[in-house]
Amino acid sequence: MADVSLRQLELFAALPDFTTLSAAAAHLHISESALSQAVTSLEKAVGEQLCVRRKARGLTLTPAGQRFAEQARKIIADTQELVLGAGDGTELRGPVKLGCYSSFATNVVPELLEGFPKKHPGVRIEITVGTNEELLAALDAGHLDVALVFDVSLPVGYRRRKIYATELEVHLHPDHPLAASRTVDLAELADEPCILYDATPGTRNVTDAFAARGLEPRIVTKVPQISLVQALVGRGVGYGLLMSRPNILPMSTEGRPVVILPLDPPVTLSHVVGLWPADMSLTPRASALLDFAVEKLGGYGRPDAIPPSQ
């Protein structure tokens, strides 16, 4: 059997996150020479070059090194689970690395962070908030156990669990002529000034919804933040189209009232889901966190807004 230590695997598993050996060494709190020696020892043990180290070009993993780092991360994760599960099994303990899509993080994360630790005090939740692209990359790199995202335009290769139903809603200034309606038809908004939430998958949700009706929105500005959409709506600059979220107040960040109405016929019917790589098994802690999210948030959303196929 090759003479390889768990520490060597931990060191090498971190290398894909860095472009130079010195940056990796600084992050790992060891000297660059010690890290270089650890890599050299691994290469001798496996009999293959795992990375290319050039001072001018930095650090590059070979295809074999990339596969080795991926397997090393799995071994480390399995070892951690073995240690954490070595108790009497009556209490969950250890970390859960949870990612959450930025547009609804403020509506979901507080409820999870407040309630879940009371139910499982031995579990520590580590939160990462980001875009779809950032969260998927973190999942693939093994930096997250699970991520909460919209179940829209997701690539293959992931497992998912539904958390709550969501749909596109219109946000209006209280003085807007449509604000007194019970529902709004998308066609009624085509000639109105639109404030577009410019982020994946938000942009596509809006443009696809209009295109499906043979319409095109009159976009007056694009902004990268949900709160900025609501602030501009609150000042009467235009309307916004945003996916529905739990725990939301009909008010902008400036304290100005906003009217939120459903679309009829409804469009962009979807779910927020827990997402993780198909080749990875959820830890008991991550699974319990998703159970809690469904328990607390699963009843949100209009039952009639869920397509039968969902």
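Preceding this paragraph is the structure being described.
Quick caveat: nothing in here was measured; it's all calculated off a predicted structure.

(A) How the structure looks around the overall build of the protein. Looking only at helices and strands, the protein features nine helices and 12 strands. Dimensions of the protein, computed from the C-alpha atoms along their principal axes, are close to 75 × 50 × 40 Å. Out of the 310 residues in the protein, the part that is buried amounts to 44%. Sequence separation of 24 or more characterises 74% of the internal contacts of the protein that already satisfy a separation of 6 or more. For the protein, the accessible area works out to roughly 15800 Å², and carbon and sulfur atoms hold 53% of it.

(B) How the structure looks around the nonpolar core. Of all hydrophobic cores here, the largest spans 69 residues; its most connected members are Phe-104, Leu-148, Val-170, Leu-172, Leu-189, Leu-241 and Leu-263. Here this core takes seven residues from helix 9 (residues 284-297), the largest share from any one element. If sequence neighbours within four positions are ignored, Leu-241 has contacts with Leu-168, Glu-169, Val-170, Leu-186, Leu-189, Val-206, Phe-210 and Leu-263. Of all hydrophobic cores here, the second largest spans 24 residues; its members include Ala-25, Leu-28, Ala-64 and Ile-76.

(C) Seen up close, the sheet that holds strand 6 (residues 158-166). Strand order in this open sheet of five strands is 4-3-5-12-6, and the pairing throughout is mixed. Each end of this open sheet is capped by a strand with a single partner; those strands are strand 4 (123-130) and strand 6. Each strand axis lies, on average, 25 degrees off the axis of its neighbour in the sheet, ignoring direction. Of the strand pairs in this sheet, strand 3 (residues 94-101) and strand 5 (residues 146-150) are connected by three bridges, and their pairing is parallel. When the sheet's bridge partners are listed, Cys-100 is paired in strand 5 with Leu-148. Taken strand by strand, helix 5 (residues 105-119) contacts strand 3, strand 4, strand 5 and strand 6, and its axis lies near 175 degrees from that of strand 4.

What counts and how
- Residues numbered from 1 in each chain as written.
- Predicted model: local features only at pLDDT ≥ 70, side-chain atom pairs only at ≥ 80, totals over all residues.
- Heavy atoms only, no water.
- Helix = DSSP H or I, 4+ residues; strand = E, 2+ residues; numbered from the N terminus.
- Buried < 20%, exposed > 50% of the residue type's maximum accessible area, 1.4 Å probe, protein only.
- Contact = heavy atoms within 4.5 Å.
- Areas by Shrake-Rupley, 256 points an atom, 1.4 Å probe, with all protein chains shown as cover.
- Core = buried A, V, L, I, M, F, W, Y, C linked by side-chain atoms within 4.5 Å.
- Pairing = 2+ DSSP bridges.
- Axes fitted to C-alpha atoms, helices over the stretch in contact; angles between N-to-C directions.

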